[in-house]
Protein chains: 2
Amino acid sequence: MAKITKINHIAIAVPDIETALSFWRDALGLQIDHIEDVPSQQATVVFIPVGDSEVELVKPTSSETGVARFIAERGGGMHHLCFEVDNIEEMLATLKEKGIRLINESPLELPGRKMAFIHPKSTGGVLVELYQYTS
Amino acid sequence: MAKITKINHIAIAVPDIETALSFWRDALGLQIDHIEDVPSQQATVVFIPVGDSEVELVKPTSSETGVARFIAERGGGMHHLCFEVDNIEEMLATLKEKGIRLINESPLELPGRKMAFIHPKSTGGVLVELYQYTS
């Protein structure tokens, strides 16, 4: 059976990168790995390694994304929780069999990884992402 | 300067333990370490190790707690993010000096650990907890 191996990241929706950095970097003292424009997510993402996981600060670059709507509704905050899994297709098949509602029934294939989201209706209100690294 | 060393846990507010377990344990396949009544938090907590961190499912046992109000407003979901820090007093002093609003200006001392919460007004909407293990 497919197995979750770790928390890959916690994504935090932020309306403004500089304001976010003034807390996460300048006050908490976390070290930024890099900041990247991610056109596939219509977002700028700050990658912050913390122990064996990451905090990702996600600033939308379009008002049409889920993260942009989340910020419009709530102002910002924890947006999703991403787990690494050793076999994403098998995990998605298991979840489907158990009646869990999936946002992506098949994984999206990106360079170096596959990913899929589980619908918060089936998780008690948590948007859960699954990652499997492929290289 | 005090340093954050890892994500200790992500706390997820749940209105019902059995419903939560049907997703986190039975569908995702995560292994429960233990389930504990935590009178100091007025909650029952399910401890789920994931890699080097934990997911904690928190079910309030009183309607007066922050977690209970969170569930009443949102139905459930990610409630707070807890980081381990190597010197919590020093971290709180640094945060205060930088104008960050703290819920606990001094750490609460519990058996084996000290803890404090940072106010979400200063973090962009994330309730952040700090832990330092003392034994």
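This text gives an overview of the structure that appears in the document. Since the model is a prediction, treat every value here as computed from it, not as a measurement. (Residues numbered from 1 in each chain as written. Chains lettered and ligands numbered in written order. Predicted model: local features only at pLDDT ≥ 70, side-chain atom pairs only at ≥ 80, totals over all residues. Heavy atoms only, no water.)

Among all positions of helix H1 (residues 17-27) of chain A, only Ile17, Ala20, Leu21, Phe23, Trp24 and Ala27 of chain A are buried. Directly after H1 of chain A, the chain includes Gly29 of chain A, whose backbone phi takes a positive value near 85°. (Buried < 20%, exposed > 50% of the residue type's maximum accessible area, 1.4 Å probe, protein only. Helix = DSSP H or I, 4+ residues; strand = E, 2+ residues; numbered from the N terminus.)

In this assembly, 40 residues from chain A lie in contact with 40 residues from chain B. In this assembly, chain A packs against chain B so that about 2,900 Å² is buried in total across both faces, 78% of it on carbon and sulfur atoms. Broken down residue by residue, the surface that chain A buries against chain B is led by Phe23, Leu28 and Met78 of chain A, which jointly contribute 21%. Our enumeration of links across chain A and chain B arrives at 0 salt bridges. Residue assignment for the side of chain A that touches chain B shows that the elements contributing at least two residues are strand E1 (4-13), H1, strand E4 (53-60), strand E5 (77-85) and helix H3 (88-97) of chain A. Considering only residue class, the side of chain A that touches chain B consists of 21 nonpolar, 13 polar and 6 charged. (Contact = heavy atoms within 4.5 Å. Buried area = accessible area lost by both parts, 1.4 Å probe. Salt bridge = Lys/Arg side-chain N within 4 Å of Asp/Glu carboxyl O. Nonpolar A, V, L, I, M, F, W, Y, C, P; charged D, E, K, R; others polar.)

Further remarks concern the packing of aromatic side chains. By convention here, two paired aromatic rings are described through the distance between centres and the angle between planes. Enumeration according to the criterion identifies 6 aromatic pairs over all chains in this entry. For the ring pair Phe83 of chain A and Trp24 of chain B, a centre distance of 6.3 Å and an interplane angle of 75° mean the geometry is edge-to-face. In this pair, Phe83 of chain A sits in strand E5 while Trp24 of chain B sits in helix H1 (residues 17-24), so the two residues belong to two different chains. By relative accessible area, which is 0% here, Trp24 of chain B ends up buried. Relative to Tyr133 of chain B, the ring of Tyr131 of chain B lies with its centre 5.6 Å away and its plane at 90°, an arrangement referred to as edge-to-face. What links up through ring pairs into an aromatic cluster is the set Phe23 and Trp24 of chain A together with Phe83 of chain B. (Phe/Tyr/Trp six-rings, centres within 6.5 Å; stacked < 30°, edge-to-face > 60°.)

The two chain copies are related to each other by a rotation about an axis together with a translation along it. The two copies are related by a screw motion: chain A maps onto chain B through a turn of 180° and a shift of 0.0 Å along the axis, at an RMSD of 0.0 Å. Both chain copies can therefore be described as sitting about a two-fold axis. (Least-squares fit on C-alpha atoms with pLDDT ≥ 70 in both.)

By the definition in use, this model includes 10 salt bridges over all chains. Between Asp52 of chain B and Lys6 of chain B there is a salt bridge; the shortest N-O distance is 3.5 Å. Pair noted here: Asp52 of chain B is in the loop between strand E3 (43-50) and strand E4 (53-60) and Lys6 of chain B is in strand E1 (residues 4-13), with a separation of 46 residues, a long-range link. Of the residues examined, Asp52 of chain B reaches a relative accessible area of 39% and is grouped as partly exposed. The shortest N-O distance in the salt bridge between Arg25 of chain B and Asp26 of chain B comes to 2.7 Å. By relative accessible area, which is 33% here, Arg25 of chain B ends up partly exposed. Take Asp26 of chain B: its relative accessible area is 35%, and that puts it in the partly exposed class. Taken together, the shared-partner salt bridges connect Lys6, Asp52 and Glu84 of chain A into one network.

Moving on to the side chain of Ser53 of chain A. Turning to its location among the elements, Ser53 of chain A is positioned in strand E4. Polar contacts involving the side chain of Ser53 of chain A include one to the main-chain carbonyl oxygen of Ile7 of chain A, which spans 2.7 Å. When residues no more than four places from it in sequence are discounted, the contact partners of Ser53 of chain A are Ile7, Asn8 and Ile48 of chain A together with Ile7 and Ser53 of chain B. (Polar contact = N/O pair within 3.5 Å; in protein donor to acceptor, adjacent residues only side chain to side chain.)

With that settled, the discussion passes to the nonpolar core. Counting 68 residues, the largest nonpolar core has Trp24, Phe83 and Leu95 of chain A together with Trp24, Phe83 and Leu95 of chain B as the members making the most contacts within it. Broken down by element, the residue count for this core peaks at 6 residues, all from H1 of chain A. What Trp24 of chain B contacts, discounting residues up to four positions off in sequence, is Leu81, Phe83, Thr123, Val126 and Val128 of chain A together with Ile12, Gly29, Leu30, Ile48 and Leu57 of chain B. (Core = buried A, V, L, I, M, F, W, Y, C linked by side-chain atoms within 4.5 Å.)

The next thing to look at is the pairing of strand E2 (residues 34-38) of chain A. Residues and elements named next belong to chain A. Examined bridge by bridge, E2 and strand E3 (residues 43-50) share 5 bridges and lie antiparallel to one another. In the sheet register, Asp37 faces E3, and the bridge partner there is Thr44. Here E2 hands over to E3 after 4 residues, with Gln42 in that stretch at a positive phi of 45°. (Pairing = 2+ DSSP bridges.)

Within the span of H3 of chain A, buried status applies to Ile88, Met91, Leu92, Thr94 and Leu95 of chain A. Relative to the axis of H3 of chain A, the buried residues are bounded by an arc of 160° and lie together on one face. Where the residues of H3 of chain A are buried, they touch E1, E5, strand E7 (113-118) and strand E8 (128-133) of chain A together with H1 of chain B. One side-chain oxygen of the residue at the start of H3 of chain A lies 3.4 Å from the amide nitrogen of Glu89 of chain A, identifying that residue as Asn87 of chain A. Residue Gly99 of chain A follows H3 of chain A closely and has a positive phi angle near 85°. (Arc of directions from axis to C-beta.)

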